[in-house]
Each structure stands twice: as structure tokens, then as C-alpha cells.
Amino acid sequence: FYARADAHLVAAWDRRDRIQRLTAPRPAAAGTSDDRASDEPSDGASSDAPDATGDAPDVTEGTTSGTDDRTDAGADEPGAPGDGSDTETDSETDTEAGDEPSPRPAPAAEEDLVTLLVVSDLHCNTGMAPLIRTAVERSGASVVLNAGDTTMNGTAVETFSVDTFATAVPKGVTMVVADGNHDSVETSAQERANGQTVLDGKVVEVEGIRILGDRDPLETRLGLGSQPPREETPEEYAARLTEVACAEQEDGDPIDLLLIHTPRMGNEALDSGCVPNQVSGHMHTRSGPERTGGGVRYVSGSTAGAVKDQLRIGPLKGTAEMTVLRFDPERRRIVDWQLVQIGTDESAKVWPRIAWPTPSGEPVVEEAGTEVGTESDVPDGDAPVDAPAGGEPAGEG
């Protein structure tokens, strides 16, 4: 199953590369001011709109009937209205009439962008390891962001899974991990033994990107439910990360990304205006990127194709997802995102690049009594089958 799916992923990526080459704008003539990258993201149109070649925006390989694999739970289309995506590649040009625009660094050239691959909720499905390697190699990613739940129970015997996913990352590529509620201190030790950067509440800098995160404040053990793994409540966890992010901003060296497992644990940090971007997992359903508080939040779907109550290994239970991000180190912002999907029928989709929303950076005043919520040991599953494009982003459950 996974070997065939990997072959379909390679074919889908080949076709996407051809489309991007054919639709790339010609270099601007001498003396013009067009400094956009040669492979701009799309404008966030829904999946029913054709791209510049007339093709549907998703590149699908491996379906047997010639139709898109749209019936898998969680296979909703990216870039639909309401997801918070910018309608243009660079929305930072908005200024009031007569205002003097503040100087900004010029956009980085294509070759200067830092590429990252997001994976999450692997849950011991080692069958996806070769496909992760394919996605890293074909995207040119130099960083893999793992949003947690690499294992199912955080036990010593699951080191096989941790080791297998580590081998999926080519030499020279850094994996940064925010362990989830199904992981453990033991899991973190296994990941560090494989040379991975495991977040522990301090800011780390990877490829010029300043990343903050920590392992989830709760631990879930199958059959036992969730309980705090240390003497810190979820509310204290959220406040601590917010304090670190704002202290870094006050020192003049703000963070670029908050990587945590459970999305809502970052609400306070996003509302503070000190976190421009947050990447999470946990829900097994993708949502965003959407403006939240003063920043932008993206929740990754499960790279294992996991759905509610079906974390076990084997053939995919739902659509497996990975996401490619590109970061401009000069302007210190995420430029665009690109979704990669593997269907339960072995098909593969590589979507076009879509512009990443611009965070406002403005703090939000919380209403009295607002608390950081906690969630059950298993999230609420994927989005409804055949969810219409343009609907509201999936909630956290």
C-alpha cells in the first residue's frame, strides 16, 4: 500500500513541478520594479477554480476512476474562502492614502527562502516514513516540524517508531519536535538520541527561524485518560509560553513560530501579539491558516491518516497530510503553504502554493473569565465527508 502511494506521490510532485515551471512569470525586464518570486502562491481561490493552466488546483495521482479522491474524511480543499488566506501574495502594501509606507526588506529570491515540512500525529504509522522522505526531498525542505504524537503511548518499546521516522529525514535536515499528549519523557529521550531538536520551553534558532515550544502539558495513556505529566496546569503552561514570547519581543529578538501540540494552548500567546505564527496538531483535522489574535494559526491534519478511535497502524483510516511552508528570512515571515495529501485509495495530491496570511501583531484584550480549555485523550475526528469548499475552518472539537 505505502510503496504504491509513494510512487503516486512522486508522480504527483512531478506534475506539480511541471505546472509551476510552465506558469511561472517571466523575469521582469530591466528597470521594472516587479520583485515577486517566480513561483508565486495562488490567491487562495477555492478548489473549483482552475489554476493558470486550466487544471484543477489539486494534482492527483493514483486514482483508479480518474476522479478526485474527495470522500476521505479530512480531505477538504485548502484555500477556500474563510480560511484566513491572503488574496494576494503580499498584503503588507496596504497603507492609508497619504501615509508614508515604512521601509521593508525586499522579498527574498526563491533560492533564499527556507523550506519547512510539517508533520503531526504520526502515531507509530511507520508506513508513512518513505513518503515523508519523498516530501522532504521533493520540496527541498531543510527543516521538518513535528507537531507531536509520534507515538501512541510513549513507551520504551515504541523507540522502533521514533527511530524509523528519524531515518525518514535525510542527513543535513533538522527535525524540530513539540511532543504531544501521547508522547512522554521517554519519547523525548529517544528523539534526542536521534539528533532531533526537542522543544522544552526555550527558544531555539534553526535555519535563522526562531522557534518556541514545549511538550504538551497533558499526557494521555490508552485506557487511562489524560493527566498532567508535571506540576503545571494547562493554564500555567499557556501563560509561561506567552511570557517567554513577549520577553523575547521586548528584548528586540521576537520569535517567528510557536510549535506546540494542542492548538488552544497557544491562544493566550497569539492574543498577546508576541507570536506571529503557530503550528499545531492534535485534532487529526486540518484548519487554517487563519488569523487568530495577533497572529496566524495552522492546525495540521494527521500524517498517519489517523481518525478518532482508530490510532492503530496499518492502512490509512483517513487522508494523511503534510504541509510545506516557505519562510522569508529577510522579512521574517512565512510566505506560503502547500498541502500534500495521501488518500485511502493510495492516491496522492500535491496542491499549489497558497499565500500565508499576514499577522496583525496587535494584542487582543481577553474577556474576563476566559480559560485555556483542555481536551479529551482522543480528538473529535475529521471534518464531515464531502464538506463543501468555502465552509468555516474545522474547529478544535
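Please read all numbers here as calculations on a predicted model, not as lab measurements.

Asker: So what's going on with the pairing of strand β14 (residues 320–328)? Residues and values would help.
Answerer: Each regular strand carries side chains that alternate between the two faces of the sheet. Counting buried positions along β14 yields nine of nine residues, so the element is predominantly enclosed. Here β14 shows a buried face lined by Ala-320, Met-322, Val-324, Arg-326 and Asp-328 and a second buried face lined by Glu-321, Thr-323, Leu-325 and Phe-327. In terms of strand pairing, strand β2 (residues 114–119) meets β14 through five bridges, oriented antiparallel. Within β14, the residue paired with Thr-115 across the bridge is Arg-326. Linking two consecutive strands that pair antiparallel, namely β14 and strand β15 (residues 333–342), is a turn of four residues; a positive phi of about 50 degrees is found at Arg-332 within it.

Asker: Hey, could you go over the side chain of Arg-210 for me, with residue numbers and the actual values?
Answerer: Tracing the backbone shows Arg-210 in strand β7 (residues 209–213). Here the side chain of Arg-210 touches Glu-248 through a polar contact of 2.4 Å, side chain to side chain. For Arg-210, the side chain forms a polar contact with the main-chain oxygen of Pro-254, separated by 3.3 Å. Leaving out residues up to four positions away in the same chain, Arg-210 has contacts with Val-203, Val-204, Glu-205, Glu-248, Asp-253, Pro-254, Ile-255, Asp-256, Leu-257 and Arg-332.

Asker: Tell me what's going on with the state of the cysteines, and back it up with residues and numbers.
Answerer: One pass over the structure, following the stated rule, counts one disulfide. Two residues, Cys-246 and Cys-274, share a disulfide whose sulfurs are 2.1 Å apart. Taking the torsion about the S-S bond as the criterion, the Cys-246 to Cys-274 disulfide, at about 100 degrees, is right-handed. You can see Cys-246 sitting in helix α5 (residues 234–250) and its partner Cys-274 sitting in the loop between α6 (267–271) and β11 (277–280), a full 28 residues away along the chain. On the basis of relative accessible area, Cys-246 is assigned to the buried category, the value being 18%.

Asker: Give me the lowdown on the side chain of Asn-181, citing residues and values where you can.
Answerer: By the secondary structure assignment, Asn-181 is in the loop between β4 (174–177) and α4 (185–193). In this structure the side chain of Asn-181 is engaged in a polar contact, spanning 3.0 Å, whose partner is the side chain of His-261.

Asker: How would you sum up the environment of Asp-179? Please name residues and give values.
Answerer: Tracing the sequence through the fold places Asp-179 in the loop between β4 and α4. Note: C-alpha distance between Asp-179 and Glu-191 (twelve residues apart in sequence) is 9.6 Å. In this structure, Asp-179 is in contact with Gly-148, Ser-184, Thr-187, Ser-188, Glu-191, Val-198, Asp-214, Arg-215, Asp-216 and His-261, ignoring residues within four places of it in sequence. Side chain to side chain, Asp-179 and Ser-188 meet in a polar contact 2.5 Å long.

Asker: Account for the packing of aromatic side chains, naming residues and giving values.
Answerer: One pass over the structure, following the stated rule, counts three aromatic pairs. Taking the centre distance of 5.5 Å and the plane angle of 55 degrees together, the rings of Tyr-298 and Trp-337 count as tilted. Note that Tyr-298 is positioned in strand β13 (residues 295–299) and Trp-337 in strand β15, a separation of 39 residues in sequence. You can call Trp-337 buried: its relative accessible area is 0%. Here a set of aromatic residues connected by ring pairs shows up, and it is made of Tyr-298, Trp-337 and Trp-356.

Asker: Now, about the pattern of salt bridges: what can you tell me, with residues and values included?
Answerer: According to the stated counting rule, one finds 16 salt bridges in the structure shown. In this structure, Glu-110 engages Arg-326 in a salt bridge whose closest nitrogen and oxygen atoms are separated by 2.8 Å. Remark: Arg-326 occurs in strand β14 and Glu-110 occurs in the loop between β1 (59–61) and β2; sequence separation between them is 216 residues. Judged by relative accessible area, Arg-326 falls into the buried class, the value being 6%. A salt bridge links Arg-240 to Asp-214; the shortest N-O distance between them is 2.9 Å. With Arg-240 in helix α5 and Asp-214 in the loop between β7 and β8 (219–221), this pair connects stretches of sequence that are 26 residues apart. Residue Arg-240 is classed as partly exposed on the basis of its relative accessible area of 24%. What emerges from the salt-bridge pattern is a single network uniting Glu-110, Arg-326, Asp-336 and Arg-353.

Asker: Which residues make up the environment of Ala-245, and what values do they have?
Answerer: Structurally, the position occupied by Ala-245 is in helix α5. Sequence spacing of Ala-245 and Leu-270 is 25 residues, and the spatial spacing of their C-alpha atoms is 9.7 Å. Beyond its immediate stretch of four places on either side in the chain, Ala-245 contacts Leu-212, Ile-255, Cys-274 and Val-275.

Asker: Now, about helix α2 (residues 129–139): what can you tell me, with residues and values included?
Answerer: For the α-helix, the turn length of 3.6 residues means that residues three or four positions removed from each other point alike. Among the residues of α2, Ala-129, Leu-131, Ile-132, Thr-134, Ala-135, Val-136 and Ser-139 are the ones counted as buried. Each element contacted by the buried residues of α2 is listed here: α1 (2–23), β2, β3 (143–146), α3 (159–167), β14 and β15. Where α2 terminates, the next one or two residues include Gly-140, which has phi positive at roughly 75 degrees.

Asker: So what about the packing of α1 against α2? Which residues, and what values?
Answerer: Two elements in contact, α1 and α2, have axes whose closest approach is 9 Å; the angle formed by their N-to-C orientations is 15 degrees. Accordingly, the angle class assigned to the pair α1 and α2 is roughly parallel. The handedness of the crossing between α1 and α2 comes out as right-handed. Packed against α1, whose contacting residues are Tyr-2, Ala-5, Asp-6, Leu-9, Val-10, Trp-13, Asp-14 and Asp-17, the element α2 presents Pro-130, Leu-131, Thr-134, Ala-135, Arg-138 and Ser-139 at the interface.

Criteria and cut-off values
Residues numbered from 1 in each chain as written. Predicted model: local features only at pLDDT ≥ 70, side-chain atom pairs only at ≥ 80, totals over all residues. Heavy atoms only, no water. Buried < 20%, exposed > 50% of the residue type's maximum accessible area, 1.4 Å probe, protein only. Helix = DSSP H or I, 4+ residues; strand = E, 2+ residues; numbered from the N terminus. Pairing = 2+ DSSP bridges. Polar contact = N/O pair within 3.5 Å; in protein donor to acceptor, adjacent residues only side chain to side chain. Contact = heavy atoms within 4.5 Å. Disulfide = S-S within 2.5 Å. Phe/Tyr/Trp six-rings, centres within 6.5 Å; stacked < 30°, edge-to-face > 60°. Salt bridge = Lys/Arg side-chain N within 4 Å of Asp/Glu carboxyl O. Axes fitted to C-alpha atoms, helices over the stretch in contact; angles between N-to-C directions. Parallel < 35°, antiparallel > 145°, perpendicular 65-115°, else oblique. Left-handed = near helix turned anticlockwise from the far one by under 90°.

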